[in-house]
Amino acid sequence: MKYGCSITRMNSNWACALCAGIALLAGNFFATPVQAAAAEMGAVKGDLTGGDPLGSMQWPDMKGQFFEANEKTVFDSRIKVTVPLFAEDAMNVPVSFDASAIGKVKKIVVLVDRNPIRKVLEFIPEQAKPALNFRFKLEQASPIRVAALGEDNVWHVGYAFIEASGGGCTVSGATRADGTWPQTLNRVAGKMFDANQLRDDARLRVQVSHPMDTGLVAGVPAFYIEEMVLQDKNRQVLARLYPFEPVSENPLFSFDFDKKPAGPISLVGRDNNGNRINAKVTQ
């Protein structure tokens, strides 16, 4: 979209400045990768946010809750986190991240500062790239963190901020509300996509039918998938995923690989009630 400066009877410099401001504002309505500022240097003396570039007072508490006291964390602009600036549907907020730039990654944890359940998922890439696309529930406007443990044994933390009207964690999902979830529980649909003109890697998309209840709705206990393991045809583990309650209903995940794994790919796992997941994914 082009923004011209054809405003008449105005000072031309003022008019052009106004148009540039409108263009900048319009661009802010789109989801964009959030790049960290020069915040890797840690806390400034007297800073109660622990050096958080988003200025969240929750960060020091989260750091103490989810990381060991002897573990080092740094904010790292190399981790790309892409989110919408405003969550139109607080029960299905899309997020994608890519931590490839820091090299080999042992483990990734996704956290949300202001959710009643802060941990969203844990991801062990194994043979997959340290990148993932999925959707989650957001209770209110909040920072989101993607912490990747590198070979240097340092947690590299990427981040973004999402505005929201809220309520995503305390409302029943559609299949829970209409009572259809028992008929489809733990069914798996998936497909492998080869590299193409837009992407030079292979992508695997899998969806599991599950209500993913948070336990924060009256009369509905927590009920969620707690482990998913991808394996190739030789049963070599490709990736491990540990979702938690804030992951969206009927979760859909996209995994990326430098080269297409030997198929057929299998997905095995379980939910917190012991129901098993065991399926083959279409190549």
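Summary of the structure given here. (Residues numbered from 1 in each chain as written. Predicted model: local features only at pLDDT ≥ 70, side-chain atom pairs only at ≥ 80, totals over all residues. Heavy atoms only, no water.)

This part covers the nonpolar core. Among the nonpolar cores identified, the biggest contains 48 residues, and L121, F123, F134, F136, I144, F253 and F255 are the most heavily contacted of them. For F255, the contacting residues outside a window of four places in its chain are F123, L132, A202, R203, L204, V206, L230, A239 and L241. By size, the runner-up hydrophobic cluster in this structure holds 11 residues, among which are F67, V109, A147 and W155. (Core = buried A, V, L, I, M, F, W, Y, C linked by side-chain atoms within 4.5 Å. Buried < 20%, exposed > 50% of the residue type's maximum accessible area, 1.4 Å probe, protein only. Contact = heavy atoms within 4.5 Å.)

To continue, consider the pattern of salt bridges. Here the idea is simple: oppositely charged side chains can pair when their charged atoms come close. Under the criterion given, the structure shown has 13 salt bridges. Because the salt bridges share partners, they merge into one network encompassing D52, D113 and R145. (Salt bridge = Lys/Arg side-chain N within 4 Å of Asp/Glu carboxyl O.)

Below, the discussion takes up the environment of F66. Structurally, F66 is set in helix α2 (residues 59-66). Those residues in contact with F66, other than ones at most four positions away along the chain, are L111, R118 and K119. (Helix = DSSP H or I, 4+ residues; strand = E, 2+ residues; numbered from the N terminus.)

With respect to the element layout, S209 can be found in the loop between β12 (202-208) and β13 (225-231). Not counting residues up to four positions away in its chain, the partners in contact with S209 are T184, L185, N186, R187 and N250.

Geometric values such as these leave the question of function open.
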